[in-house]
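Observations on the model geometry
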Amino acid sequence: MEKNTHMILAMDVTDREEALKIAEDVQEFVDAIKVGYPLILATGLDIIRDLAEFAPVIADFKVADIPNTNRLICEQVFEAGADAVIVQGFTGRDSLDACIEIASEYGKDVFVVSEMSHPGGAEFMQPIAEAIAKMALEARAFGLVAPATRPERVKEIRKIIRDRLTIISPGVGAQGGKASDVIAAGADWVIVGRSIYKAESPKEAAREIAEEIQAELGGKN
Ligand code: O7E
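What counts and how
- Residues numbered from 1 in each chain as written.
- Predicted model: local features only at pLDDT ≥ 70, side-chain atom pairs only at ≥ 80, totals over all residues.
- Heavy atoms only, no water.
- Near = heavy atom within 4 Å.
- Polar contact = N/O pair within 3.5 Å; in protein donor to acceptor, adjacent residues only side chain to side chain.
- 1 Å grid on protein atoms, 1.4 Å probe; cavity = no way out; pocket = protein on both sides within 12 Å on 5 of 7 lines; lining within 4 Å.
- Sits in = over half its atoms within 2 Å of the grid points.
- Helix = DSSP H or I, 4+ residues; strand = E, 2+ residues; numbered from the N terminus.
- Points joined across faces, edges and corners; volume = space filled by probe spheres on them.
- Nonpolar A, V, L, I, M, F, W, Y, C, P; charged D, E, K, R; others polar.
- Salt bridge = Lys/Arg side-chain N within 4 Å of Asp/Glu carboxyl O.
- Buried < 20%, exposed > 50% of the residue type's maximum accessible area, 1.4 Å probe, protein only.
- Pairing = 2+ DSSP bridges.
- Expected span 1.5 Å × (residues − 1).
- Contact = heavy atoms within 4.5 Å.
- Axes fitted to C-alpha atoms, helices over the stretch in contact; angles between N-to-C directions.
- Left-handed = near helix turned anticlockwise from the far one by under 90°.

Our next topic: the site of the ligand. Taken together, 16 residues lie near the ligand, and D12, K34, S117, Q175 and R194 sit nearest. A distance of 2.6 Å separates a nitrogen atom of the ligand from a polar atom in the side chain of S117. Applying the majority rule of atoms within 2 Å of the grid points places the ligand in the largest pocket. Mapped by element, the contributors of at least two residues to the shell around the ligand are β3 (57-63) and β8 (189-192).

See the structure below:
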């Protein structure tokens, strides 16, 4: 995945035409589009290939099963045209290995969720986030998902993985996180959903966040 704009759009709309229109409008400001259950359940798996015309697609299925089932899910995801898949880390090393094995067969990437961005993410996931980060590092995942709502946690995760894995960070805008803060804390990409797709002009909203990120980086990317 290229790192130009440092932004990923979370496309959680449930209408195919709306999704395609937004993708076309904002493509210059995003490095990837994340799709998950809302859009795929509403429109079907083909939406992955349709959106891949505009940007690489990350399939957010938060895969969390036994190794064999994980393998079967990841095969379907990559056959459908996704460039990366998001998986949970709490199911353990064997389950993660199964996803990474299939991803490497297809030449694709795996992101592992360490700690989620909503308040409840601090209840059960935060205490195990560092262990998940270490496991993802050892298993050679491509990256981790860490919360933009808690930039200090992104910093902690960055210390563990150093520059060997990437970090994608949801929670900017609607959940209260600020793009420049989380980029400064060490995230490679912020994930933004509602602040873009619900804006009167998704394109202008995306432009504004992209400019905020570039100002933070000051040409460092
Ligand atoms: O709050 P929004 O509208 O900007 O959307 C955020 C998106 O990121 C949404 O799709 C949500 O499901 C996802 N997300 C979180 O908000 N918090 C998390 O901890 C994890 C995710 C997620 O996508 O996990 C994989 C990246």
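Empty space within the largest pocket amounts to approximately 480 Å³. Around the largest pocket, the lining comprises 28 residues; the ones closest to its centre are D12, K34, K62, P170 and Q175. Within the residue set of the lining of the largest pocket, elements represented by two or more residues are β2 (32-36), α2 (37-43), β3, β7 (166-170), β8 and α9 (194-197). When its residues are assigned to classes, the lining of the largest pocket shows 16 nonpolar, six polar and six charged.

A few words now on the pattern of salt bridges. This model, assessed by the stated rule, comprises 18 salt bridges. For the salt bridge of D97 with R93, the shortest nitrogen-to-oxygen distance reads 2.9 Å. Separated by four residues within a single helix, D97 and R93 lie in helix α5 (residues 93-106), roughly one turn from each other. For D97, a relative accessible area of 31% corresponds to the partly exposed category. R150 serves as the salt-bridge partner of E115, at 2.7 Å between the closest nitrogen and oxygen. Here the residue E115 occupies a position in the loop between β5 (109-113) and α6 (129-138), and R150 occupies one in the loop between β6 (143-145) and α7 (151-161), the gap between them amounting to 35 residues.

With that settled, consider the pairing of strand β4 (residues 84-88). Within β4, five of the five residues are buried, which leaves it mostly tucked inside the rest of the structure. Side chains A84, I86 and Q88 project from β4 onto one buried face, and the interleaved V85 and V87 project onto a second face that is buried too. As judged from the four bridges shared by β3 and β4, these two strands associate in the parallel manner. Looking at β4, one finds that A59 is bridged to V85. Sheet topology note: the β4/β5 ladder contains five bridges and is parallel. Of the residues in β5, the one forming a bridge with V87 is V112.

This part covers α5. The first and last C-alpha atoms of α5 sit 20 Å apart over 14 residues, in line with the 20 Å expected at 1.5 Å per residue. Within α5, burial applies to S95, L96, A98, C99, I100, I102 and A103. If you follow the buried residues of α5, they end up packed against β3, α4 (67-79), β4, β5 and α6. Within two residues after α5, G107 carries a phi angle of roughly 70°, on the positive side.

Interhelical geometry of α6 versus α7 gives an angle of 35° and a closest axis separation of 9 Å. Crossing of α6 against α7: the hand is right-handed. Between α6 and α7, the residues in contact are A129, E130, A133, K134 and L137 and R153, E156, I157, I160 and I161, respectively. Its residues placed into classes, the contact of α6 with α7 shows six nonpolar, no polar and four charged.

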